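Each chain, letter by letter, is given below.
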Amino acid sequence: MLVVDDDPIIRDMMVDMLDFEGYSIRTARNGPEALEMLRGDEDYLVFLDLMMPGMSGKEVCTLLEAEPTLRRRHVIILMSAMDRPDEDTALRVDATILKPFTVNDLLEVVGPYVE
Amino acid sequence: MPNATWGDPEPRADEAYSPALLRQLLQQMMGQFTASGVCIALFDESTGQMVIRMHIRARGTNSAPAHTGTEPERINIASRRTTIQLNPAPTITGGLRHPSQPLEKLDIVPVHNSDLFPVGALYPIDHDMIGYAWRTGEAYIMRQEDYIAMFQPGQAMPLQAEATPTWYLVAPILEPTIQNDGQNRRWTTDTLGVVVLYQIAPGAGFQQKQRSEAISFSERIALYLQNDRLRRSQDRTLDYIRRLQQISTAFPTSVKLANLVEDIYHFTGSVVDVSSMLLTLYDRDMDRIYDVFAIADGKRVEGLPAHSVVKEDRPQWWHIAQVEQHRVLLNLSDQEPGKYEELLTGVWGDQRNAKSFLFLPMKMFTRVIGSLSLTSMHADAYRPEEILVLETMVQIITVSIENAKLYDKVRRSLHEAKQREETLAAMNSALQIVSSVLNVGELLHNLVEFAAKLVNAQLSTFFQISTDGKELIAEAVYAPTSRPKDWTELSTDAAKHKDLIEMIRLPFIGSILEGLVGEPFFYLDHSTIQDLAQASAEGGGIFLRETGTQQMLMIPVRYQTELTGILAIHTLGQSRFFHPKEVGMLMAICAQAGSAIRNAQLFEEIQEANAQLQYMDKLKDEFIVTASHELRTPLSAIQGYSSLLQRQHARTTPQQILRFATKISEATQQLSALVVNMTEASQLGTLDKNLQTGPVKLSTAAEVARDILSANIEQQITLRIPPDLWILCDPLRLRQVISNLFDNAAKYSPPGSHIELEANATRLSRLELPEDQLDPEQSDMDIVLVRVRDEGDGIDEEDQQKIFEKFVRASRSLTTPVRGTGLGLYICRRYIEAMGGKLWLEQSAPGAGSIFSFYLPHIDAPAETGESDEST
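Just so it is clear, the model here is predicted, and its values are computed rather than measured. (Residues numbered from 1 in each chain as written. Chains lettered and ligands numbered in written order. Predicted model: local features only at pLDDT ≥ 70, side-chain atom pairs only at ≥ 80, totals over all residues.)

Draft legend 1. Representation of the overall build of chain A within the structure. Within chain A one finds four helices and five strands. Secondary structure elements in chain A, listed N-terminal to C-terminal, are β-α-β-α-β-α-β-β-α. Counting the 115 residues in chain A, one finds 35% classified as buried. Sequence separation of at least 24 residues holds for 54% of the intrachain contacts in chain A that already meet a minimum separation of 6. (Helix = DSSP H or I, 4+ residues; strand = E, 2+ residues; numbered from the N terminus. Buried ≥ 20, exposed ≤ 12 C-beta atoms within 10 Å, placed from the backbone. Contact = placed C-beta atoms within 7 Å.)

Draft legend 2. View of the overall build of chain B. The secondary structure content of chain B amounts to 24 helices and 27 strands. When each of the 872 residues of chain B is scored for burial, the buried share is 34%. Long-range contacts, defined here as pairs at least 24 residues apart, represent 70% of the contacts in chain B between residues at least 6 apart.

Draft legend 3. Structural detail: the sheet that holds strand 15 (residues 459–465) of chain B. Residue and element names in this part refer to chain B. The six strands are arranged 17-16-15-20-19-18 in an open sheet whose pairing can be described as antiparallel. Across the chains shown, the open sheet's two edge strands, defined by having one partner strand only, are strand 17 (505–507) and strand 18 (522–524). Averaged over all adjacent pairs, the angle separating strand axes in this sheet is 30°, with direction ignored. Both strand 15 and strand 16 (residues 471–478) contribute to a ladder of six bridges, which runs antiparallel. Counted as the bridge partner of Phe462 is Ala476 from strand 16. Its contacts with the sheet put helix 10 (residues 440–454) on strand 15, strand 16 and strand 20 (562–572), and the angle it makes with strand 16 is roughly 70°. Running over the sheet, helix 14 (residues 526–535) touches strand 17, strand 18 and strand 19 (549–559) and is turned about 75° from strand 19. (Pairing = 2+ DSSP bridges. Axes fitted to C-alpha atoms, helices over the stretch in contact; angles between N-to-C directions.)

Draft legend 4. Up close: the packing of helix 2 (residues 31–40) of chain A against helix 3 (residues 57–66) of chain A. Residues and elements named next belong to chain A. Contact geometry for helix 2 and helix 3: axes closest at 10 Å, N-to-C directions at 30°. On the basis of their axis angle, the class for helix 2 and helix 3 is roughly parallel. In this structure, helix 2 crosses over helix 3, and the sense of that crossing is right-handed. Across the interface between the two elements, Gly31, Ala34 and Leu35 of helix 2 pack against Glu59, Val60 and Leu63 of helix 3. Per-class residue counts for the contact of helix 2 with helix 3 are four nonpolar, one polar and one charged. (Parallel < 35°, antiparallel > 145°, perpendicular 65-115°, else oblique. Left-handed = near helix turned anticlockwise from the far one by under 90°. Nonpolar A, V, L, I, M, F, W, Y, C, P; charged D, E, K, R; others polar.)

Draft legend 5. View of the pairing of strand 25 (residues 782–789) of chain B. Residue and element names in this part refer to chain B. With six of eight residues buried, strand 25 is to be regarded as a mostly interior element. Inspection of the sheet shows strand 24 (residues 754–763) paired to strand 25 by eight bridges, in the antiparallel sense. Bridge pairing links Glu758 to Arg787 in strand 25. In the sheet, strand 25 pairs with strand 27 (residues 849–859) via seven bridges, with the strands oriented antiparallel. Note that in strand 27 the partner of Arg789 across the bridge is Ile851.

Draft legend 6. Broad picture of the sheet that holds strand 5 (residues 95–99) of chain A. Residue and element names in this part refer to chain A. Spatially, the five strands line up as an open sheet ordered 2-1-3-4-5, and their pairing is parallel. Among the strands making up the open sheet, the edge pair consists of strand 2 (26–28) and strand 5. Across the sheet, the mean angle separating the axes of adjacent strands is 20° when strand polarity is ignored. Taken together, the three bridges between strand 1 (residues 2–4) and strand 2 define a ladder with parallel strand orientation. By the bridge assignment, Val4 is partnered in strand 2 with Ala28. Each of strand 1, strand 2 and strand 3 (45–49) touches helix 1 (residues 8–20); the most contacted strand, strand 1, lies at about 160° to it.

Draft legend 7. Focus on the environment of Ile465 of chain B. Residue and element names in this part refer to chain B. Of note, Ile465 is situated in strand 15. With 21 C-beta atoms packed within 10 Å, Ile465 lands in the buried category. A C-alpha to C-alpha distance of 10.0 Å links Ile465 and Val557, two positions 92 residues apart in sequence. Those residues in contact with Ile465 that sit more than four places away from it in its chain are Leu472, Phe508, Leu563, Thr564 and Gly565.

Draft legend 8. Representation of helix 4 (residues 103–114) of chain A. Taking 1.5 Å of rise per residue, the twelve residues of helix 4 of chain A would be expected to cover 16 Å, and the 16 Å separating its terminal C-alpha atoms lies within 8% of that figure. Within helix 4 of chain A, burial applies to Val103, Leu106 and Val110 of chain A. Buried residues in helix 4 of chain A, looked at end-on, bunch into an arc of 60°, giving them a common side. Turned more than 90 degrees away from the buried face of helix 4 of chain A, the exposed residues are Gly111 and Pro112 of chain A. Lining the buried residues of helix 4 of chain A we find helix 1 and strand 5 of chain A together with helix 17 (632–648) of chain B. (Expected span 1.5 Å × (residues − 1). Arc of directions from axis to C-beta.)

Draft legend 9. Region of interest: the environment of Leu553 of chain B. All names here are of chain B. With respect to the helices and strands, Leu553 occurs in strand 19. By C-beta crowding, Leu553 is classed as buried, having 23 other C-beta atoms within 10 Å. Residues Leu553 and Ser460 lie 93 residues apart in sequence; the distance between their C-alpha atoms is 9.3 Å. Other than its neighbours up to four places away in sequence, Leu553 contacts Phe521, Tyr523, Ile569 and Phe578.

Draft legend 10. Region of the structure containing the pairing of strand 15 of chain B. Residue and element names in this part refer to chain B. Burial of strand 15 is extensive: seven of the seven residues sit out of reach of the surface. The pairing of strand 15 with strand 20 spans six bridges and is classified as antiparallel. Bridged to Leu459 within strand 20 is His570. Between strand 15 and strand 16, which pair antiparallel and follow one another directly, the connecting turn spans five residues, one of which, Gly469, has a positive phi of 75°.

Draft legend 11. Spotlight on the interface of chain A and chain B. Each partner contributes residues to the interface: chain A has 17 residues there, and chain B has 18 residues. Those elements giving two or more residues to the side of chain A that touches chain B turn out to be helix 1 and helix 4 of chain A. Tallying contributions element by element places helix 1 of chain A first for the side of chain A that touches chain B, with seven residues. Split into classes, the residues belonging to the side of chain A that touches chain B amount to eleven nonpolar, three polar and three charged.

Draft legend 12. Representation of helix 1 of chain A in the model. An ideal rise of 1.5 Å per residue puts 18 Å on 13 residues; helix 1 of chain A measures up with 19 Å between its terminal C-alpha atoms. Turning to helix 1 of chain A, its buried residues are Ile9, Ile10, Arg11, Met13, Met14, Asp16, Met17 and Leu18 of chain A.

Draft legend 13. How the structure looks around the packing of helix 14 of chain B against helix 15 (residues 538–546) of chain B. All names here are of chain B. Interhelical geometry of helix 14 versus helix 15 gives an angle of 145° and a closest axis separation of 7 Å. For the pair helix 14 and helix 15, contact is made by Ile529, Leu532, Ala533 and Gln534 and by Gly540, Gly541, Leu544 and Arg545, respectively. The class makeup of the residues in the contact of helix 14 with helix 15 is four nonpolar, three polar and one charged.

Draft legend 14. Structural context of the confidence of the model for chain B. All names here are of chain B. For chain B, the average pLDDT comes to 77, and 79% of its residues sit at 70 or higher. For residues 1–15, every residue scores under 50 in pLDDT, and the model assigns this stretch 27 contacts once sequence neighbours within four places are set aside. Considering only residues more than four positions removed or in separate chains, one finds that residues 62–105, a stretch of pLDDT under 50, has 56 contacts. For this predicted complex, the interface confidence comes out at an ipTM of 0.90, alongside a pTM of 0.40. (pLDDT = per-residue confidence, 0-100.)

Draft legend 15. Focus on unusual backbone geometry. With an omega of -10°, the peptide bond between Lys99 of chain A and Pro100 of chain A qualifies as cis. Residue position: Pro100 of chain A is located in the loop between strand 5 and helix 4. Phi is positive for Gln560 of chain B, which is not a glycine, with a value near 55°. As for its placement among the helices and strands, Gln560 of chain B is situated in the loop between strand 19 and strand 20. For Gln560 of chain B, a count of 8 C-beta atoms within 10 Å gives the class exposed.

Below, the structure written as structure tokens:
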């Protein structure tokens, strides 16, 4: 699993939450870093922050779609109620999590993809 | 009828008997008495003698027909007989040499240049045959020899070269006896003329009995002449009436006095003999006497009316015309000279040598509006019936002049009413313009422009009372033709020159104006204006002097009882007092303007408040957006970690619990800092009003900020501030800005590094500001430059602008993973700008640290040091 978020607090928290469940977690601070990491490893699930400086979560999604080797990853979007990912319908996402969230919210969304 | 020539009167019109009638009568008489020739002499009043008026002779009796000078006329007597029935009875012809000569064959030629009884010859009474018959009033027969015997030896005898009569029958023409009522009458009027019949052929003669026949025939002649005279007089009267009608109908359609006097002049000349004439009018309204028209000895006097006089200058005229109101008729030769000197002299020359004088007052009921004076060089030139005609004429023209005056008055008052209406309409539209404008500046500009145009003034100003009530400040100037041109520019582009206009100030409290504003309006004379210019601030004095303001009409403008300002109408170069009507109109406009200005002011306040509200609203929206983004991270942390503690409490180690709790605590702190900043930001809208600026000692403020912060940070803060450096600002805000800069520096710098604040006094022009902070309108000034330097990571170039723009992204744009409150720099910049300074990022490079700089106005240290040191 890969957590992509520019906010270290969120990254740390995600690691803490998923670590207790025994998942192996890596983190990336921005889009380019995430793409680099994904090219090298076979992470199954990607948590992607929508609002990031530089490359936004939406742009990361588009790039994932464009690269055949990366296309099959599941993407879970991290967003706040104010963000609107659906404006561009082309965006293919598997699930969304609204900030702020509890550990239970997170595990509920993750559940279907880890079995 | 005569005549247009003055001073050269033709023979009196009523004395020129119809020649056709005369000839007819003489011809008939000649036939009846079988005479060779006949002539008629008629009395001429102007000479007092008998004048030969006609002389005719049977054709063939004259050996020298060429003497006739004209083509002999053939007159068909027979055709005339039907109309002339003087004596239908057959004539007694016994003893005559040529009895019953048929009238049809009588051929007549007029005799013109005859030596015998030439036409025009004059005969005084008792002189010659004619004068004798005139005196005796009887007819007589005389032979040529007896006639010659009448002349005494040596006495000139009439030459009789062309034809010598043998016998004469002389008969006076006596006035019909019906006129003789037995009263004493002058004998000269009894005999109208004398008829002389004569025979030329030798042997032909007259009989004694024919004398009575001749008398009765001449009586008929007299009747005919009188008839003719009556008819002519009737014709003349009709003619007068017709002409008078023309004169009367000419008014008031042609009201020009010039035309009127021409008509008077022609008409008068056609009625009587006039050598000089004078028309004088009296203007009741002005109480002046004018000589409007004069003919002096046949020549028109040009350039009248030259001037007017008061009645005291014409006591005689006033007495006769206005007091006695009677006509004066004089035969001047009978009068003592100088009695009517005033009436007989003046613009029409000296008339005292005239023979006749007529003065006719022009009356309208009991008022006299003028007089008509006439003189003639003939004695007795004005007779009662003609005076009556002239009086009628004078009456008509009097009415006409009065009509014309009335007509003029009505027209004038109509014109005035129309003007008034137009002025009212103009005022109305102006008032509407003034009232409908809700922009105070535009309204005042309209006001001064309209006021100046209304009264034709070259300059007008509106002075508004200053907020402290001490001064009057010009808010609008209208100076379309002002010299120097600078002032004109002020009025043409008022908005652009608002600052300049507002430099025109007059003292109010303590000046003469303060005492006068209670009046509805007042004038300031030149010396008062000079005093005011002396006492006023520079701009006001220059304005009053340069425009050459000589006098000012001042109209206070009020809203209810509160003085708003004063409208000033300047008079340049000379003093001018305005007509009460004009002042009234200006006051009406000012009254309206008072409430209009108030309305506009209220409207502007409302607009301002509205704009403020809208701004606040926008700010609030920004707060919400900001909040949703900024609150997300700390809230996520708090919710995330607390839920994690809940779920995993059985499996967490104490170290983990501590770490999670610390995370929650940090997020809470971040949250509360955020709330504090947002509270600050929410007050930015009213920042300008809430500032409490004063002299602040920079070192004191910086030390306080450092002391508060240094306990919580791991960096060392150094202050390098010259002693006694003072800034004009709000001390609380300044400290907040410095704290914020220190805080930021600390967050982005490694522990143990240095943060340095350095300050120095300089000029604004020496600064190198980033382009977006340059303000071309800002004039140079003394400033204090403050720089805060850190040794941190610096800020990416692309982020350097963002940190000030949206407070939301300020923190997110920073690469360093330190979470700030996000609002700091934005608020700092707003604070500094509100206090008259600028804040910018002077330098920042990754690894080389950043320098944030700001400046604020530099002021000298207050006289009593320490007093202004802030207390908190």
